[in-house]
Protein chains: 6
Amino acid sequence: MRILVTNCNTTRSMTEEIVRGAEAAAAPGTAITGLTPGWGPESAEGWLDSYLSAAAVLDTLRGYDGPYDAVVMAGFGEHGREGARELLDTPVVDITEAAAHLACLLGRRYGVITTLDRTRDQIEDSLRTAGVDRNCAAVVSAGLGVLDLRDERRTTEAFLTAAARARDAGAEVLVLGCAGMTGLQRTVGERLGMPVVDGVGAAVKLAESLITLGLTTSRTGGYARPLPKRRSWASPG
Amino acid sequence: MRILVTNCNTTRSMTEEIVRGAEAAAAPGTAITGLTPGWGPESAEGWLDSYLSAAAVLDTLRGYDGPYDAVVMAGFGEHGREGARELLDTPVVDITEAAAHLACLLGRRYGVITTLDRTRDQIEDSLRTAGVDRNCAAVVSAGLGVLDLRDERRTTEAFLTAAARARDAGAEVLVLGCAGMTGLQRTVGERLGMPVVDGVGAAVKLAESLITLGLTTSRTGGYARPLPKRRSWASPG
Amino acid sequence: MRILVTNCNTTRSMTEEIVRGAEAAAAPGTAITGLTPGWGPESAEGWLDSYLSAAAVLDTLRGYDGPYDAVVMAGFGEHGREGARELLDTPVVDITEAAAHLACLLGRRYGVITTLDRTRDQIEDSLRTAGVDRNCAAVVSAGLGVLDLRDERRTTEAFLTAAARARDAGAEVLVLGCAGMTGLQRTVGERLGMPVVDGVGAAVKLAESLITLGLTTSRTGGYARPLPKRRSWASPG
Amino acid sequence: MRILVTNCNTTRSMTEEIVRGAEAAAAPGTAITGLTPGWGPESAEGWLDSYLSAAAVLDTLRGYDGPYDAVVMAGFGEHGREGARELLDTPVVDITEAAAHLACLLGRRYGVITTLDRTRDQIEDSLRTAGVDRNCAAVVSAGLGVLDLRDERRTTEAFLTAAARARDAGAEVLVLGCAGMTGLQRTVGERLGMPVVDGVGAAVKLAESLITLGLTTSRTGGYARPLPKRRSWASPG
Amino acid sequence: MRILVTNCNTTRSMTEEIVRGAEAAAAPGTAITGLTPGWGPESAEGWLDSYLSAAAVLDTLRGYDGPYDAVVMAGFGEHGREGARELLDTPVVDITEAAAHLACLLGRRYGVITTLDRTRDQIEDSLRTAGVDRNCAAVVSAGLGVLDLRDERRTTEAFLTAAARARDAGAEVLVLGCAGMTGLQRTVGERLGMPVVDGVGAAVKLAESLITLGLTTSRTGGYARPLPKRRSWASPG
Amino acid sequence: MRILVTNCNTTRSMTEEIVRGAEAAAAPGTAITGLTPGWGPESAEGWLDSYLSAAAVLDTLRGYDGPYDAVVMAGFGEHGREGARELLDTPVVDITEAAAHLACLLGRRYGVITTLDRTRDQIEDSLRTAGVDRNCAAVVSAGLGVLDLRDERRTTEAFLTAAARARDAGAEVLVLGCAGMTGLQRTVGERLGMPVVDGVGAAVKLAESLITLGLTTSRTGGYARPLPKRRSWASPG
């Protein structure tokens, strides 16, 4: 199986980290290919970044011509998922929904630990439209920007503090709310005594599951193929 | 007062039509300026178009340097609204929410008549995140593409058929679910014996209201100013 | 344009204050007329007062024979709105819903600062039936009775304390939850660094908007004209 | 036990009918006293009537000085319930909520058969604020005015037609949606093969239950005693 | 009237206590018969116990051949209620829903005080499927196991502490969240100044009400009689 | 990996069919072991069967002493899932939730095609507590009992008829609502032009995913290990 993994920002080192997380979760026969958008924000932290990222990721996907069996979109809470489902014939799995789907199997309520407060509404919206918000107890921010996550020790401490708030709000399972947190599930899971779900790994497993079962996006409703028309993807300036 | 009105697609004739609708609703001292994105889809009909449109409209807004007091975003159910709120210091009013806000004042339940079935989920999501979905009885499609709306007679008939379905679903007020329908409220309103709200006019009045009251977007939460960082807005290709 | 503004209680000085607030928001050509019910409670603080007020305000409206183009009902969270919509042919805008409609345009979640705890359920019910409760983060009371609001300094302090609680609950925008607070939006808005919406001003702008757009209450559903029958409005005692 | 039953309108013959229904349900030792408001609408059919009725019923209750142990308010979907809870120290049970409470014990979803379409929103609001709307499958109108219910045969036929619609919507239990339908539960119940709950009987049993258990309205929240103040209950005209 | 009351566990002393509580609430002519399952858990505290209890209670009911007019199921938050409605022709009232139904009549929001944290989700689910969760402000645990409730003083203190948390969450009325708490309503009610509802007493009154009104479970939907088939109720081991 | 699959009824041929379905979906290294309860109903169709089945399945699981890495519970809409999570240290995946989780990835709304009308409420409850009901458009019954499913042709026709109703209700993806339908997804999927998800296959893939990611049920909340106590699993009779 061949799975494309799209980073939501232009930072290549983050794509590489995501690919490592994806490979760690993948089945023996699965090949992971990382894609970094050629334009967009260097990190996605807020609405403006998210809409910019969505267009850039979709542009990247429509321009990619290698073979693949499924796409994993590695932007937690970022826009674009539904556009990729329209655009592509393979299954598309977003790490936001993937983490939530698996978290629901592990406890009655889950919490999401995100980077900055400003990303909370997007994440809540994304979980809701994906249909998995019902058992979300809280989205709590660690107070760290995406690019700050490189400092592992500081990230771990901030995560644990936020995790305690999520647990107080009823969470029995935690979700890493940023692709850049991939790997953290091992460190913090043991210290917390709670399952911690990484969206990248979760999405890879769900993508493999859909491929194995021969399932892909329905074309009978809102994800019908895009209508043929003139679309310009590049600023004329 | 100076209000910018952004079309969500690249079709200039549609921008002109929207500007006419906006001017018809504007107060005597209000100047309307229409903006057509320099890139994006020629019409927005679905998720892919909507995400492409969102980035193009935001790019257009960040590049505009004339003075203005508020922005009206004239894409019904299209993405981008929250990004513009982050980006700009003036009030931002989207025609989707604007029509719904006024419709709520006119009856207990309203219905939206949109173009194609495929736009329904986007509209429902947009109403929900705007906080005005509670009294929406139905989003019904007329089965016409955005650019088909130029045929006035066919549009009127399709609208009336869809309106009957919305009324059966409990709607007491109707909303024109596409900026390209502007003007139709007069024709069909009388034939239906129900109030019909045009989002463009509604958004102009709400924008004027906010300007007069000295109100603009809160910066204390999710619409804080975008963080400074590298953002590339154009495909390098 | 001629807008009637009804106070919900019998205290004339409060009607005058409301009229001043309405005039401050009104467009140049708009004339404001204040109406004080000839019976009812001297202030509305709770269910009993609210139901008494509703009948008294409706009685006042049915007895008023001057010309007007819209009605603004200036009782925050009080009953009667739907009855006025049945009774009158002009648009009717209630300050509760009006403030919430504008607040939704300014942030993702708003909070209402009301007078006493006992008014909370009424306000929540009123926002819900108006269709604008979705993004209400909290209704917080300042712990002051309606007639205590005359002490400006004490009111400001109590408001700021309550505002902090609303902000903690997620509010990014505040709403003045009593017609008697009109004017406070200027004082506290700056100190809080958040937009503060006054329902009286908001309702005046929304009423003007509906008049300009030629929109009024739908008669096809629950707001059909009252059936002709015997109704006695006065206690025989 | 002594139970006061308040009619919501000024039609004495309807009060008598309600009293007969209440007596048929009452325990051996329970005395029923019917109260007819001295003012208000001759029948309650819509928002205006309902608000007028609410004030008139509250006025009637505050003026009644005989002894009693509980109050049953016999207006289906009418306003005023919460005001009576503030005003009185005895338990207050409204027939709307009472019928729904018992219906929930008899099937997973219940339907309400009301008189006219225009009463639906009020009934839905009343069920919701009472906390028993969750399992309401539908509120269906029989298309008959309150005073038309005197024609028993026509009422039975209209009820059966509406009942079929409620059943199609998922109702397994029916509720008589007007105090004037009292007695119909016996006639139609057998023909439908479904339980039919009459609110008057239900409210009497619930009132007796609360009296026996020594329970009455909580004073710690929204139903605290009304604040002392000037209230005028009568139009000065 | 003859009411069967089923304990949800195998502890006979608890059945006796429940019977005493039921008798204290019953009308003069009502005879209470307590049933203790011959198998199952000695106390029900969690999902495993609840499912085991449900089968054991249903087995007990199907094997009981004495005459009775209604069944009260005395396991707070335990499963099985809907199965009993399918199995039996008499009304079935569960103490969870019964307490909530009466609590809704006494205040706008109620709170449940349960034994252990682990029972919360079950109780919330049970209230929801019964259709009475809307006005539940909180389910708070006292931190005591079912069999610990025998220590009256400790129980009272733990209850009062939990009650304060429920009140902070908005509860105006409290519900005893375990059949083993029966009797506590008198002790703590006065100290708290709030109504406290015991589910056993509430269920007896509701069962009597349904019997008097001639109402029983609807057979037209999900509670149709069980299909005839082979069912084995006992482990072959 | 070793996955236990529990049938919810005592019919061995159905267990075998389920095992075949599970094996068809399993990864190369996965061993499937089917378990048939030694007691319980021969098919589960309604509340009574479901509660009986839950206890029997839990009894079967607690008595099984072979090694395994995860459990798949193959009763669509049946009770017991949460009890197994308490009881066992391995992940537990129920086919109801599993099918819904994957369906959410394939379209905006899914529909469930079940056997008999009487199972609908159970399925809706199960989806809700699992946290995946939000995007369920409809649960539609095919009007066939569980054991009738052996007639393949009749089942296919009934399924297609029900599928059309689900599609009209907005479903873009279908879910086989009974373990006995396993295999049907291939036949009907092509004829419908829509993805059809089989819960048994879905649950196997999700169980494998959790095993690979090293995730299992959280013990910090409602799924804490059962308290030690006396539990009797067998009717003494």
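Quick caveat, the model's predicted, so the values are computed rather than measured.

Criteria and thresholds
Residues numbered from 1 in each chain as written. Chains lettered and ligands numbered in written order. Predicted model: local features only at pLDDT ≥ 70, side-chain atom pairs only at ≥ 80, totals over all residues. Heavy atoms only, no water. Least-squares fit on C-alpha atoms with pLDDT ≥ 70 in both. Pairing = 2+ DSSP bridges. Helix = DSSP H or I, 4+ residues; strand = E, 2+ residues; numbered from the N terminus. Axes fitted to C-alpha atoms, helices over the stretch in contact; angles between N-to-C directions. Contact = heavy atoms within 4.5 Å. Phe/Tyr/Trp six-rings, centres within 6.5 Å; stacked < 30°, edge-to-face > 60°. Buried < 20%, exposed > 50% of the residue type's maximum accessible area, 1.4 Å probe, protein only. 1 Å grid on protein atoms, 1.4 Å probe; cavity = no way out; pocket = protein on both sides within 12 Å on 5 of 7 lines; lining within 4 Å. Points joined across faces, edges and corners; volume = space filled by probe spheres on them. Expected span 1.5 Å × (residues − 1). Arc of directions from axis to C-beta. Buried area = accessible area lost by both parts, 1.4 Å probe. Salt bridge = Lys/Arg side-chain N within 4 Å of Asp/Glu carboxyl O. Polar contact = N/O pair within 3.5 Å; in protein donor to acceptor, adjacent residues only side chain to side chain.

Caption draft 1: Region of interest: the relation of the copies chain D and chain C. You can overlay chain D on chain C at an RMSD of 0.0 Å; the transform is a turn of 180 degrees with a shift of 0.0 Å along its axis. What the rotation and shift describe, once combined, is the action of a two-fold rotation axis. For chain D, the minimum C-alpha distance to the rotation axis belongs to A234 of chain D and amounts to 2.7 Å.

Caption draft 2: Seen up close, the sheet that holds strand β2 (residues 31-35) of chain C. Residues and elements named next belong to chain C. Spatial ordering of the open sheet is given by β2-β1-β4-β5, a layout of four strands whose pairing is parallel. With partners counted over all chains shown, the strands left at the sheet margins are β2 and β5 (92-94), one partner each. Each adjacent strand pair in this sheet contributes to an overall mean axis angle of 25 degrees, direction not counted. Those strands touched by helix α2 (residues 47-63) are β1 (2-7), β2 and β4 (70-74), and its axis lies near 150 degrees from that of β1.

Caption draft 3: Geometry of the packing of aromatic side chains. All names here are of chain C. Tallied over the entire structure, the rule returns 15 aromatic pairs over all chains. Pairing Y64 with Y68 gives two aromatic rings, centres 5.8 Å apart and planes at 50 degrees, and the pair type is tilted. For Y64, a relative accessible area of 24% gives the class partly exposed. Take Y68: its relative accessible area is 16%, and that puts it in the buried class.

Caption draft 4: Summary view of the environment of V173 of chain F. On the secondary structure map, V173 of chain F appears in strand β8 (residues 173-176). V173 of chain F sits in the buried class, given a relative accessible area of 0%. The spacing of V173 of chain F and C136 of chain F is 37 residues in sequence and 9.6 Å in space, taken between C-alpha atoms. Apart from the residues lying within four places of it in its own chain, the contact partners of V173 of chain F are S218 of chain A together with A103, L106, G107, R109, Y110, G111, M194, P195 and V197 of chain F.

Caption draft 5: Seen up close, empty space enclosed by the protein. For the largest cavity, the calculated volume is near 360 Å³. Counting only elements with at least two residues in the lining of the largest cavity, the list comes to α2, α3 (81-87) and α5 (120-130) of chain C together with α2 (47-63), α3 (81-87) and α5 (120-130) of chain D. If you add up the space inside the second largest cavity, you get close to 310 Å³. In this structure, the second largest cavity is lined by 22 residues; those nearest its centre are H79 and D125 of chain A together with Y51, H79 and D125 of chain B. Mapped onto the lining of the second largest cavity, the elements with two or more residues apiece are α2 (47-63), α3 (81-87) and α5 (120-130) of chain A together with α2 (47-63), α3 (81-87) and α5 (120-130) of chain B.

Caption draft 6: How the structure looks around helix α1 (residues 12-25) of chain E. Spanning 14 residues, α1 of chain E covers 20 Å between terminal C-alpha atoms, matching the ideal 20 Å at 1.5 Å per step. Residues M14, T15, I18, V19, G21, A22 and A25 of chain E constitute the buried set of α1 of chain E. When α1 of chain E is viewed along its axis, its buried side chains cluster within an angular range of 160 degrees and face the same direction. The exposed residues of α1 of chain E that point more than 90 degrees off its buried face are R12, R20 and A24 of chain E. Where the residues of α1 of chain E are buried, they touch α8 (199-213) of chain D together with β1 (2-7), β2 (31-35), β4 (70-74) and α8 (199-213) of chain E.

Caption draft 7: Here's a closer look at the arrangement of the chains. Chain E makes no contact with chain B, the minimum C-alpha separation between the two being 17 Å. Of all C-alpha pairs spanning chain C and chain F, none lies closer than 17 Å, and the two are not in contact.

Caption draft 8: Geometry of the interface of chain D and chain C. Across the boundary between the two partners, chain D contributes 44 residues, which contact 44 residues of chain C. Surface buried jointly by chain D and chain C totals about 3,800 Å² across both partners, of which 59% is contributed by carbon and sulfur atoms. Of all residues in chain D, L48, Y51 and R118 of chain D bury the most surface against chain C, accounting for 20% of the area lost on that side. Counting across the chain D and chain C interface gives 10 salt bridges. For D49 of chain C, the salt bridge is made with K229 of chain D, and the minimal N-O distance between the two is 2.6 Å. Where chain D touches chain C, the interface holds 24 residue pairs in polar contact (both at pLDDT 80 or more). The set of elements that each furnish at least two residues to the side of chain D that touches chain C consists of β3 (40-41), α2, α3, α5 and β10 (231-232) of chain D. Among the elements that line the side of chain D that touches chain C, the one with the most residues is α2 of chain D, at nine residues.

Caption draft 9: Broad picture of the pattern of salt bridges. What the rule picks out here adds up to 120 salt bridges over all chains. Linking R191 of chain C and E157 of chain C is a salt bridge whose minimum nitrogen-to-oxygen distance equals 3.7 Å. Remark: E157 of chain C occurs in helix α6 (residues 152-168) and R191 of chain C occurs in helix α7 (residues 184-192); sequence separation between them is 34 residues. Residue R191 of chain C is classed as exposed on the basis of its relative accessible area, which comes to 55%. Two residues, E45 of chain D and K229 of chain C, come together in a salt bridge whose shortest N-O distance is 2.6 Å.

Caption draft 10: Up close: the side chain of D49 of chain C. Following the sequence through the fold, D49 of chain C ends up in helix α2. Owing to a relative accessible area of 1%, D49 of chain C belongs among the buried residues under this scheme. A distance of 2.6 Å separates polar atoms of two side chains, one belonging to D49 of chain C and the other to K229 of chain D. Setting aside its immediate chain neighbours within four residues, D49 of chain C contacts P41, S43 and A44 of chain C together with K229 and R231 of chain D.

Caption draft 11: Highlighting the sheet that holds β8 of chain F. Residue and element names in this part refer to chain F. The strand order across the open sheet built from four strands is β7-β6-β8-β9, with neighbouring strands paired in parallel fashion. This sheet does not close on itself; its edge strands, each paired only once, are β7 (136-141) and β9 (196-198). Averaged over all pairs of adjacent strands, the angle between their axes in this sheet comes to 25 degrees, without regard to strand direction. The pairing of strand β6 (residues 110-114) with β8 spans four bridges and is parallel. Bridge pairing in β8 places Y110 opposite V173. Packed onto the sheet, helix α7 (residues 184-192) meets β8 and β9 and runs at close to 170 degrees relative to β9.

Caption draft 12: Spotlight on the environment of L176 of chain D. Residue and element names in this part refer to chain D. Assignment of secondary structure puts L176 in strand β8 (residues 173-176). It is 6.2 Å that separates the C-alpha atoms of L176 and V112, two residues lying 64 residues apart in sequence. For L176, the contacting residues outside a window of four places in its chain are F76, I113, F159, M181, T182, G183, L184, Q185, V196, V197 and D198.

These figures capture arrangement, not role.
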